[in-house]
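A structural walkthrough
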Amino acid sequence: MDNWDEIRTAYQVARLGTVSGAAEVLGVHHATVIRHIDALESRLGAKLFQRHARGYTATEAGQDLLKIAAQTDDQFAQLASRIRGRGDEVTGELIVTSVDDLAVLLVPAIAQFMAQHPELRVQLISDHRLFRLEYGEAHVAIRAGTLPEQPDNVVQPFFSQLPRLVASRAYLAAHGPLDLAKIATHRFVGVTGDNIRAPFYRWLSEVVPASAIALKVSSTRAARTAVCAGVGIGFVPGWDLAEDDDLVEVMAPLDEWAAPIWLVTHMDLHRTAKVQSFLRFLKSQVKHWGVNQA
C-alpha cells in the first residue's frame, strides 16, 4: 500500500462508478485510471471492482478501500491546509445528501455558502437512499424520520417538517371542501416506496380508504405537481403552500404529521473545517425558513 496515486484512483472510481468520471476528477487519461486499478488489484491479489457495461461497482474489498481512502483523502487535504497556514479555510469537495423536498431551501443556502468559500465545490444529491457516510459517500446527510442509529455517526436535530394537506382551487370548485365524515367521496394523491413511511403519509393510509387514492407517485415533488394539477388532495411542505396562491389548506395540520429532520455526519470527518463551517451555516439559515427549529 505504498502507492497513494493508485489508491486515490481506486477511491475515485469507487465513488463515481466510472473510469471516465474518475479520470476527469483526477485530471488524467482514462488509460491511466485503468492501469492504476489493474496494478493495485494485482498488488493486493484481490478484485476491487466488478466491471459491467454501465461502469465499475466496488466489491466488498473495494468498499473497504473506499472507506479508508475517503477519510484519508480528506485528512490529507486538511493537513495540506494546515501546512500552508490555512487550516480553517473551506476548500475541496463537499458532498451533501438530502430528501428532495428540501432542495428548494438548500440550493439558495448552498449558493450563499459557496459565495463565501469560492474554492469549494459542492455536490447536492437528492435521494431517499441511505448513503453510507462511513464509506465516504457524503460528508453531510440531511435525513428525515426516526433518529438515525448507524454507528460512528454524529447526529444532530435540525428542524421539524410539518406538511400541509391541500388542494387546488380548481379541485375544490369541482368537489367541494373536505369533510372527514365523507372522506371517501374525495380523491387523494398518495405515494409509493419509502415515502409511505413518512408520518403524514402513514396517517393518509390509515384514514383515507384505498379506493379514494386516485393517484400514487414515487416522489413528494411529483405529489405536489399532481395536487397543483387538480388530481386530488395531498400533502405539500409548508414553504410550498406559502408560495402558491392556487393551493388551499383543507384542514389544520396535526401534530402527528410532523417529521423530524436530522443533520448526520461521520465521526472521522465531523471536525473538518468544511463540515463544521457548513453545519454552522445551515443552522444559521434555518432560522429564516419558517420551520420549527430543533
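Below, the discussion takes up the overall build of the protein chain. Helix and strand counts for the protein chain come out as 10 helices and 13 strands. Its C-alpha atoms give the protein chain principal-axis dimensions of about 70 × 45 × 30 Å. Each of the 294 residues in the protein chain was classed as buried or not, and the buried ones make up 48%. Counting only contacts in the protein chain whose residues sit at least 6 apart along the sequence, the fraction spanning at least 24 positions is 73%. Taken as a whole, the protein chain presents about 14,600 Å² of accessible surface, with 51% of it coming from carbon and sulfur. Positive and negative charge centroids in the protein chain, built from 29 and 33 side chains respectively, lie 1 Å apart.

Quick look at the sheet that holds strand E7 (residues 164-168) now. Read across the sheet, three strands follow the order E10-E7-E11 without closing on themselves; strand pairing throughout is antiparallel. Either end of the sheet is taken by a strand with one partner, and the two such strands are strand E10 (234-236) and strand E11 (247-249). Direction aside, neighbouring strands of the sheet carry axes that sit 55° apart on average.

Contact geometry for helix H1 (residues 4-16) and helix H3 (residues 30-44): axes closest at 9 Å, N-to-C directions at 110°. Classified by the interaxial angle, the pair formed by H1 and H3 is roughly perpendicular. Where H1 abuts H3, its residues Asp5, Glu6, Ile7, Thr9, Ala10 and Val13 lie against Val33, His36, Ile37, Ala39, Leu40 and Arg43.

It is worth spelling out the side chain of histidine 270 at this point. Tracing the backbone through its elements, the reader meets histidine 270 in the loop between strand E12 (259-266) and helix H10 (273-285). The class for histidine 270 is buried, based on a relative accessible area of 9%. Not counting the four nearest positions on each side in its chain, histidine 270 is found in contact with Val154, Gln156, Thr265, Val275, Gln276 and Leu279.

A few words now on the packing of helix H5 (residues 103-116) against H10. In contact at an axis separation of 11 Å, H5 and H10 are set at 130° when each is read in the N-to-C sense. Judged by the angle between their axes, H5 and H10 are oblique. Considering only the axes of H5 and H10, their crossing is right-handed. Within the contact between the two elements, H5 uses Leu106, Ala109, Ile110, Gln112, Phe113 and Gln116 and H10 uses Lys274, Ser277, Phe278, Phe281, Leu282 and Gln285. The residue makeup of the contact of H5 with H10, split by class, is seven nonpolar, four polar and one charged.

This part covers the packing of aromatic side chains. Within the structure shown, the criterion is met by 12 aromatic pairs. With a centroid separation of 6.1 Å and an interplanar angle of 85°, the aromatic rings of phenylalanine 159 and tryptophan 289 are classed as edge-to-face. Of this pair, phenylalanine 159 sits in strand E6 (residues 153-161) while tryptophan 289 sits in the loop between H10 and strand E13 (292-293), and the two are 130 residues apart along the sequence. Both rings, one in phenylalanine 235 and one in tryptophan 257, keep their centres 4.9 Å apart while their planes meet at 85°; by these two values the pair is edge-to-face.

Attention shifts here to the pattern of salt bridges. For the structure on display, the rule yields 10 salt bridges. Among the ionic pairs, aspartate 240 bridges to arginine 221, the shortest N-O distance being 2.9 Å. Of this pair, aspartate 240 sits in helix H9 (residues 238-242) while arginine 221 sits in helix H8 (residues 220-228), and the two are 19 residues apart along the sequence. Ionic contacts of the salt-bridge type, sharing partners, join the residues Asp38, Glu41, Lys47 and Arg51 into one network.

Next up on the list: empty space enclosed by the protein. Considering all chains together, one arrives at two cavities of 30 Å³ or more under this definition. As a volume, the largest cavity reaches approximately 50 Å³. Among the secondary structure elements, those contributing two or more residues to the lining of the largest cavity are helix H7 (199-207) and E10. Here the residues of the lining of the largest cavity are counted per class, giving six nonpolar, two polar and one charged. Taken as a whole, the second largest cavity spans an internal volume of roughly 30 Å³.

Criteria and thresholds
- Residues numbered from 1 in each chain as written.
- Predicted model: local features only at pLDDT ≥ 70, side-chain atom pairs only at ≥ 80, totals over all residues.
- Heavy atoms only, no water.
- Helix = DSSP H or I, 4+ residues; strand = E, 2+ residues; numbered from the N terminus.
- Buried < 20%, exposed > 50% of the residue type's maximum accessible area, 1.4 Å probe, protein only.
- Contact = heavy atoms within 4.5 Å.
- Areas by Shrake-Rupley, 256 points an atom, 1.4 Å probe, with all protein chains shown as cover.
- Lys, Arg positive; Asp, Glu negative; His and termini not counted.
- Charge placed at Lys NZ, Arg CZ, Asp CG, Glu CD.
- Pairing = 2+ DSSP bridges.
- Axes fitted to C-alpha atoms, helices over the stretch in contact; angles between N-to-C directions.
- Parallel < 35°, antiparallel > 145°, perpendicular 65-115°, else oblique.
- Left-handed = near helix turned anticlockwise from the far one by under 90°.
- Nonpolar A, V, L, I, M, F, W, Y, C, P; charged D, E, K, R; others polar.
- Phe/Tyr/Trp six-rings, centres within 6.5 Å; stacked < 30°, edge-to-face > 60°.
- Salt bridge = Lys/Arg side-chain N within 4 Å of Asp/Glu carboxyl O.
- 1 Å grid on protein atoms, 1.4 Å probe; cavity = no way out; pocket = protein on both sides within 12 Å on 5 of 7 lines; lining within 4 Å.
- Points joined across faces, edges and corners; volume = space filled by probe spheres on them.

Honestly, it's all geometry; don't read function into it.
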